[in-house]
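Each chain, written out:
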Amino acid sequence: MTLQSYLTAFDHNRDVSGMKYIYPVVSRRARGVSIGVNLNINNACNWRCIYCQVPNLTRGTPPPIELEILEQELSVFLGNVLHGDFMERYVAEGNRQLKDIAFSGNGEPTSAKEFPQVVLLVEKVLRNFNLLDSSLHSPIKIRLITNGSLLDKPAILESVRHLAGCNGEVWFKLDAGTRDGIARTNDVNLNPQSHIQRLKKCAEACPTFIQTCMFALDGQPPQEIEILSYLALINQVKQVIQGVHLYGLARPSLQTEADRLSRLPAEWLEGIAQRIRHMGLIVHVSV
Ligand code: SF4
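Just so it is clear, the structure is predicted and the values come from calculations on it, not from any experiment.

Rules and cut-offs
Residues numbered from 1 in each chain as written. Predicted model: local features only at pLDDT ≥ 70, side-chain atom pairs only at ≥ 80, totals over all residues. Heavy atoms only, no water. Axes fitted to C-alpha atoms, helices over the stretch in contact; angles between N-to-C directions. Helix = DSSP H or I, 4+ residues; strand = E, 2+ residues; numbered from the N terminus. Left-handed = near helix turned anticlockwise from the far one by under 90°. Contact = heavy atoms within 4.5 Å. Nonpolar A, V, L, I, M, F, W, Y, C, P; charged D, E, K, R; others polar. Salt bridge = Lys/Arg side-chain N within 4 Å of Asp/Glu carboxyl O. Buried < 20%, exposed > 50% of the residue type's maximum accessible area, 1.4 Å probe, protein only. Arc of directions from axis to C-beta. Pairing = 2+ DSSP bridges.

K.L.:
Looking at this model, I keep getting lost on the packing of helix H7 (residues 224-237) against helix H8 (residues 266-277). Mind explaining?
P.N.:
For the pair H7 and H8, interaxial distance at closest approach is 11 Å and the crossing angle is 40°. Note on packing geometry: the crossing formed by H7 with H8 is right-handed. Along the contact surface, H7 presents Glu-224, Ile-227, Leu-228, Tyr-230, Leu-231 and Ile-234, while H8 presents Trp-268, Ile-272, Arg-275 and Ile-276. Split by residue class, the contact of H7 with H8 holds eight nonpolar, no polar and two charged.

Here is the structure:
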């Protein structure tokens, strides 16, 4: 490990562990450690969200995943977290608990050709550490953070279904309610109804939360017509999803639009959360 200081909720630098695919994140809010799996080591994503915090983001997919290296890194890192001195050396007291493994990297994880194999590999390593055996430990979650764009591919859906059997959970991106809003926010040409169909399939395969990032653009919050469309989309899936994670701008964008983006007031986000809660859904807000 090359960590120099305690990790904090704001230190999400994926180079910090000195490993190729694995990086640690300490979340003060979750009071624990998350192990991140970054498959997009070339900073390539099939979307280009204007709030994205990935440096030198490019369009594309990751290079072939070196499965042996990934397995070795995850095993070594887990060993150090569970049986070594990682927690004592790098994590403040009170946060020294392993919470989850998260597919959350510098691009869309499901765009890796080897994604189905990676899911099986992560499951195998976690089972080796008894981390998925609820009779021995409280099982940790395997979380897939995805933009959802490939969740209509049979192989990806099958992997997500497999994740459901390993205490898995999906966070599926929905930032806007109209084609224009999605184009403005995520820089993709996407039919909102197709996206909702993917979300439904995903939620039927594995417990799924919507994740939404909202911010002001050129000083203006999203227009009411945009919000109504967004709420109408959520209304279509409220029976199958677990809830909504609503985010403000936690960290500065690293895209060219960065100067045009600003945080919305906490009360504004809370107002949106209340409108979603009125549909009977759980909403977690992070400003
Ligand atoms: S989907 Fe995620 S990684 Fe891809 S551009 Fe958007 S925020 Fe960045």
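Let's pick the thread back up.
K.L.:
Explain the pattern of salt bridges here, please?
P.N.:
Opposite charge on two side chains allows them to pair when their charged atoms are near. One pass over the structure, following the stated rule, counts 16 salt bridges. Salt-bridge contacts for Arg-143 lead to Glu-169; the nearest nitrogen and oxygen are separated by 2.9 Å. Taken together, the residues span a long stretch of sequence, with Arg-143 in strand S6 (residues 141-146) and Glu-169 in strand S7 (residues 168-173) at a distance of 26 residues. Across the pair, exposure class does not vary: Arg-143 and Glu-169 are buried alike. Residue Arg-184 pairs with Glu-226 through a salt bridge whose shortest N-O separation is 3.6 Å.

K.L.:
Would you take a moment to explain helix H5 (residues 179-186) for this structure?
P.N.:
Residues that lie three or four places apart on an α-helix share one face, since the helix turns once every 3.6 residues. Gly-181, Ile-182, Thr-185 and Asn-186 are the residues of H5 that are buried. What you see down the axis of H5 is that its buried residues fit within an arc of 95°, all on one side. On its buried face, H5 sits against S7, helix H6 (192-205) and H7. At the C-terminal side of H5, Asp-187 shows a positive phi close to 55°.

K.L.:
Before we go on, may I ask you to explain the sheet that holds strand S2 (residues 32-37) in this structure?
P.N.:
Whenever strands of a sheet pair, they do so through backbone hydrogen bonds, lying parallel or antiparallel. Strand order across the open sheet formed by eight strands is S1-S2-S5-S6-S7-S8-S10-S12, with mixed pairing between neighbours. The sheet is open, and its two borders are formed by strand S1 (22-27) and strand S12 (283-286), each paired with just one other strand. This sheet shows a mean twist of 25° between the axes of neighbouring strands, independent of strand direction. Contacts from H8 reach strand S10 (243-247) and S12, with the element oriented near 170° to S12.

K.L.:
Hey, could you run me through the packing of helix H4 (residues 154-164) against H6 in this one?
P.N.:
Axis angle and axis distance: for two packed helices, these are the angle between their axes and the distance between the axes, and together they describe the pair. Relative to each other, H4 and H6 sit at 35°, their axes nearing to 8 Å. Contacts between H4 and H6 involve Leu-157, Val-160, Arg-161 and Ala-164 on the former and, on the latter, Lys-201, Cys-202 and Ala-205. Tallied by class, residues from the contact of H4 with H6 come to five nonpolar, no polar and two charged.

K.L.:
Which parts of the structure should I look at to understand the pairing of strand S8 (residues 208-213)?
P.N.:
Judged by how many residues are buried, S8 sits mostly within the fold: six of six residues are covered. Bridge count for S7 against S8 is four bridges, and the pairing is parallel. Bridging from a neighbouring strand, Phe-172 pairs with Ile-210 of S8. Of the strand pairs in this sheet, S8 and S10 are connected by five bridges, and their pairing is parallel. Bridged to Ile-210 within S10 is Val-244.

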